[in-house]
Each structure stands twice: as C-alpha cells, then as structure tokens.
Amino acid sequence: MAASRIVIENCAIATVDAHDTEYASGHVVVADNRIESVGAGPAPARLENVVRRIDGTGHLVTPGLVNTHHHFYQWLTRGLATDHNLFNWLVALYPTWARLDEPMVRTAAQGSLAMMVRGGVTTAMDHHYVYPRGTGDLSGAIIGAAAEMGVRFTLARGSMDRGTSDGGLPPDFAVESLDDALAATEKTVDIHHDASFDAMTQIAVAPCSPFSVSTELLKQGAELARRKGVRLHTHGSETVEEEQFCKELFGMGPTDYFESTGWLGPDVWMAHCVHMNDSDIAAFGRTGTGVAHCPSSNARLAAGIARVPDMLGAGVPVGLGVDGTASNESGELHTELRNALLINRLGAHGESALNARQALRLGTYGGARVLGRADQIGSIEPGKLADLVLWKLDTLAHASIADPVTALVLGAAAPVTLSLVNGRTVVEDSHLTTVDEDAIARSTRSEARRLARIAAQS
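In this text, all values refer to a predicted model and were calculated from it rather than measured experimentally.

A.B. asks: Please clarify how the side chain of Thr417 should be interpreted in this entry.
C.D. replies: Take Thr417: it is sitting in strand β15 (residues 416-421). Here the side chain of Thr417 touches His59 through a polar contact of 2.8 Å, side chain to side chain. The contacts of Thr417, once residues within four sequence positions are left out, are His59, Leu390, Lys392, Val427, Glu428 and Asp429.

Here it is as structure tokens:
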C-alpha cells in the first residue's frame, strides 16, 4: 500500500540534527509516520499520494518538544503553597496528594497533557509515585489519558516506601511496602512497555527520591529495570537539604549514594540536579547519566540554579522538564526553553551560558537523548518518526525578530499551527484535535474542588 504523504513547504526549518542544519525556506515531507525528506526550497516534484499540502510561509518547523520530568497529579493543586521552599511545600501538600483516587489522577493527567500538547510537546512523561491504597489503577488511568490525547509517552512508575514513621515525608498510608512497590512496577512494565522503534508508550522504573525511599528499594529497583531492559528515573541533588540528609544518613553526598545503589549509568536520568559539585558532574559525564533540567520549578521553590553549561561541557545528556504544575503553574514546556536560557545566564557563565539554539536543543534532541530515544525522535532527519511542530511567527508578537529560532525561544509563546505525533495531527490552529479542551477544563475544576473538600475533611 502506498504511503500517505503530508508536505510542509515555504517555512523556516530548524532540524536540530548533529550539525544544527537550518533552512530559511524549505520543506519537510512526511510519509505515514516517518520523515521522508527535509531540505531547502520546495518539496520534490511529482510526489504520489499527497493527502495534505501545507503552505508554511511565516512559520518555523522544529522537532516536537520532549518533556523529561513531570507530575501530572499536581494539576489539581496548582496555586497552593506559593511562597514555600521545596521541603515546606512538600510538607504542606503531601496530605492533600495522599487523598488522590483514580478519577482525579486521570483528570489531572488529561489537564497536564492538554496544556503541554497544545504548546508543542509531542513526547511527554509523567513521574507518578503517589499510590494511596485502594484507589484503583492509577498507572492505567495516566497511560489511558496519554493514549487518548495521541501523544508519545513515558510513564516513570514511581514508588515510595519510607513514610513519616520511618523518617520520610509522605504519610504512611500513601506509601507502599518494598515488595508491593516492586511487584506493581514490574507488572506495569509487563503490561504497558513497548520497546519498538515507533512505540507510543514506554515505562521507566522510578523510586521517588532519597527522602521517601529505602536504600533497598533503590537497589532492587535498579536490578528490576535492568532485568526488564527499561530506563531508571528519580529526583537527585535538588536541594541543600537533600545533600545534608544523605550525608547524615548514608555518610556520603547524593551522587555517591546513587552510585553505591546502582543508580548511575546511560540508562538513568535524574530530575533537577541543582546542587552538584565538579566531581558529581564528572561522574554523570563519565557514566552517561542524564538530567531533566526544570528551571521554572527550581526558581519557584527557590532550589537554586543548576549548572547546565558545565553539565553540557562534561558530556552529560540534558533535557528539559516542566515538573509538576504545583510548582510550575503554566504547565508548558515552551516556558522552559526561555527560562533555561535566562536563568542560566544569571549563573557563573553569564551571557555565554546558553544561546537560543542550545535551549531549543535541550527541549528537543536533548530530551530525546535523556529518554533513550535519540535515534527515533528529537531532530528532523529522514527515517525518524514524524513528531513535528509548525510554529506561527508572523504575528505582532514576533514581527520584528528576524531570526526564527530566537523568536521562538526568547519571544512570546508562539501559536502552534500544526503538531504531528507519529504523523497524526494532534494540534490544529492552536487547538487540540483529539480531545475536548473545554470538557477537560470543566472536569479539572470539578475534581480539584472534590480533592480540596476531601483533604479538608481528613
């Protein structure tokens, strides 16, 4: 059967390939779910079975954005504890999060995904680690929401086995036992993980953080992930308090502790990594351990400025993350392109810290590399999966910015004229095509109120 083709022409193109190839006016041809060709000028003549031809004048085409760290459930608790640091924020919100149930989690996933996808995200991930007892199939609810949205997705199946009675932060009834956490994680991998080239759903093993998991859960979690051939994810070196906690409890800093439990390697990525010294960064570079950089959340919770330029210089894979929307109320990854550039320029490297193209790379190819999918997504190259975004840059918001990549990264949020995931349209003229945005908005308001009522009565 002949491939169905979509042709996009007359647009600027930032391929984010190994050479940062760009075209001031070029074309992209999609055949079924793959990129067939990309280049300067119009598309090749006499293409067969073209089902859609798009005039991209005034637009920029980029790879779809890749989100490498999120907590979807937090969509229902946006705007709370806005003047807290991380530790006090967690203490304030864990009692509410511990009251989540399956309908709430599904609705929160829909809201989080909708906000990201209509803003250019084509690959999302969720680090879900709150599994209160008797609340239903939370992982299945999240995966179902992503499938309905049509977005490529990684669920980092999280876990916690250290409650307040063991010196952890979460309430005891919101944590799992070691055996239950491992068994549920393995079951999730067995049911949902797809290792194929064009997989829409993948699973990672993801104990939450040193604050909330035992050493044994980290060690056995790493063994489980490698036995199953999936990736590993957790929070690392987010705050000064975490470093002090690890030194007091384990006699070493977070990076050395993670290495002692098997948690450094090319199949591992960690969120935040704000408080890392030269030795820590070198260890990540040496082992190929990845980082999900979350600049807005780090600023919101006063965690600090991650040393992204130094990480990149050491060869560390770095992508961008929204983080949960209780610490990043906008919930968009485009915001992270801009904030990654701006916040890192406040650090030691000044104006040379990052430029617009490096920021775009973090949000596309960098994220694909962190998720272990750099051979499939993250750049516009023939043979890769057709995850693309067409950004409209000819409105008042960007009218006087000549360079389209600078306009996208530093300018106001650009409207998305078209977003393709696996060759399928998921956004058209800034609106989701696969779900009802208004219905999701109504549902999230209702479920947020229900969660607040339940938490207040507890």
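Anyway, onward from the coordinates.
A.B. asks: Where do I start with the pattern of salt bridges in this structure?
C.D. replies: Should their charged atoms come close, side chains of opposite charge can pair. Inspection of every chain in the model, using the stated rule, returns 23 salt bridges. Put simply, Arg53 and Glu9 hold a salt bridge, and the shortest N to O gap is 3.2 Å. Separated by 44 residues along the polypeptide, Arg53 in strand β4 (residues 50-55) and Glu9 in strand β1 (residues 5-14) bring together distant segments of the chain. Close ionic contact of Arg286 with Glu259 constitutes a salt bridge, the shortest N to O distance being 3.5 Å. You can see Arg286 sitting in helix α8 (residues 278-287) and its partner Glu259 sitting in helix α7 (residues 254-260), a full 27 residues away along the chain. Classification of Glu259 by relative accessible area gives partly exposed; the value is 36%.

A.B. asks: Is there a simple way to think about a positive patch on the surface in this case?
C.D. replies: A contiguous patch of positive charge on the surface is contributed by Arg442, Arg445, Arg449 and Arg453. Relative to the elements of secondary structure, Arg453 occurs in helix α14 (residues 437-457). In this structure Arg453 comes out as partly exposed when scored by relative accessible area, which is 48%.

A.B. asks: Got a minute to help me understand the side chain of Thr188 in this structure?
C.D. replies: Assignment of secondary structure puts Thr188 in helix α4 (residues 178-192). Beyond its immediate chain neighbours, meaning those up to four positions away, Thr188 contacts Ser139, Leu155, Arg157, His193 and Ile203.

A.B. asks: What exactly am I supposed to notice about the pairing of strand β2 (residues 22-31) here?
C.D. replies: When a strand is regular, its side chains alternate between the sheet's two faces. In terms of strand pairing, β1 meets β2 through eight bridges, oriented antiparallel. Residue Ile8 lies in a different strand from β2, and its bridge partner there is Val28. For β2 and strand β3 (residues 34-40), the ladder comprises six bridges, and the chain directions are antiparallel. Across the sheet, the residue bridging to Val29 is Ser37, located in β3.

A.B. asks: Mind showing me how you'd approach the pairing of strand β14 (residues 388-392) here?
C.D. replies: The buried count for β14 comes to four of five residues, which makes it a mostly enclosed element. In the sheet, strand β5 (residues 59-63) pairs with β14 via five bridges, with the strands oriented antiparallel. Residue pairing across strands places Thr62 opposite Val389, the latter belonging to β14. Relative to β15, β14 runs antiparallel, the two being bridged by four bridges. The residue bridging Trp391 from the neighbouring strand is Val416, located in β15.

A.B. asks: Could you clarify how one ought to interpret the sheet that holds strand β7 (residues 121-128) in this entry?
C.D. replies: Whenever strands of a sheet pair, they do so through backbone hydrogen bonds, lying parallel or antiparallel. Read from one edge of the open sheet, eight strands run β6-β7-β8-β9-β10-β11-β12-β13, paired in parallel fashion. A single partner strand is all that each edge strand has here, and the edge strands are β6 (65-66) and β13 (318-320). Here β7 pairs with strand β8 (residues 152-159) via six bridges, running parallel. Looking at β8, one finds that His127 is bridged to Ala156.

A.B. asks: Help me out: how do you make sense of the packing of aromatic side chains in this one?
C.D. replies: Note on aromatic pairs: each is described by the distance of the centres and the angle between the planes. Under the counting rule described, the total for this entry stands at nine aromatic pairs. Their ring planes at 80° and their centres at 5.2 Å tell us that Tyr73 and Trp97 sit as a pair that is edge-to-face. A residue pair is termed long-range when its members are at least 10 positions apart, and Tyr73 in the loop between β6 and α1 (86-97) and Trp97 in helix α1 qualify at 24 residues. Overall, the relative accessible area of 1% leaves Tyr73 in the buried class. Residue classification places Trp97 among the buried positions, given a relative accessible area of 0%. Between Trp89 and Trp97, the aromatic rings sit 5.3 Å apart at their centres with planes inclined by 70°, giving edge-to-face as the arrangement. Connected via pairs of aromatic rings, a cluster forms that spans Tyr73, Trp89, Tyr94, Trp97 and Tyr129. Its guanidinium or amino end placed over the ring of Trp75, Arg78 lies 3.8 Å from that ring's centre, counting from NZ or CZ.

A.B. asks: Got a minute to help me understand unusual backbone geometry in this structure?
C.D. replies: Note: most peptide bonds trans; most residues except glycine with negative phi. The phi torsion at Asp32 lies on the positive side, around 55°, for a residue other than glycine. As for its position among the elements, Asp32 is in the loop between β2 and β3. At His272, a residue that is not glycine, the phi angle is positive and equals roughly 85°. As for its placement among the helices and strands, His272 is situated in strand β11 (residues 268-272).

Rules behind the numbers
Position numbers for residues count from 1 along each chain, tracking the sequence in the order it is written. Local features in this predicted model are restricted to residues of pLDDT 70 or higher, and side-chain atom pairs are both shown and tallied only at a pLDDT of 80 or more, whereas totals for entire chains, interfaces and linings draw on every residue. With hydrogens and water stripped out, all remaining heavy atoms of the structure feed into the side-chain values. Helix numbers and strand numbers start at the N terminus; a helix is a DSSP run of H or I with at least 4 residues, a strand a run of E with at least 2. The term polar contact refers here to a pair of N or O atoms within 3.5 Å; inside protein, the definition further demands a hydrogen-donor-capable atom paired with an acceptor-capable atom, and it admits residues adjacent in sequence only when both atoms are side-chain atoms. Any two residues whose heavy atoms approach within 4.5 Å are treated as being in contact. Basic side-chain nitrogens of Lys or Arg form a salt bridge, by our definition, when they fall within 4 Å of a carboxyl oxygen of Asp or Glu. Each residue is assigned to one of three classes by its accessible area relative to the maximum for its type, calculated with a 1.4 Å probe on protein chains only: buried under 20%, partly exposed between the two thresholds, exposed over 50%. Exposure above 30% relative accessible area and the lack of any salt bridge qualify a residue for a patch; like charges then connect within 9 Å, and the nonpolar side chains Val, Leu, Ile, Met, Phe, Trp and Tyr within 5 Å. Areas reported as accessible are Shrake-Rupley estimates using a 1.4 Å probe. Residue values count occlusion only from the protein chains shown. Neither His nor the chain termini are counted; the positive set is Lys and Arg, and the negative set is Asp and Glu. Taken as the charge centre is NZ of Lys, CZ of Arg, CG of Asp or CD of Glu, depending on the residue. If DSSP finds at least two bridges between two strands, the strands pair. Only Phe, Tyr and Trp rings take part, Trp by its six-membered ring, and two of them pair if their centres are within 6.5 Å. Stacked means planes under 30 degrees apart, edge-to-face means over 60, and tilted covers everything else. Whether a charge lies above a ring is judged from NZ of Lys or CZ of Arg, which has to be within 6 Å of the ring centre and within 35 degrees of the ring normal.

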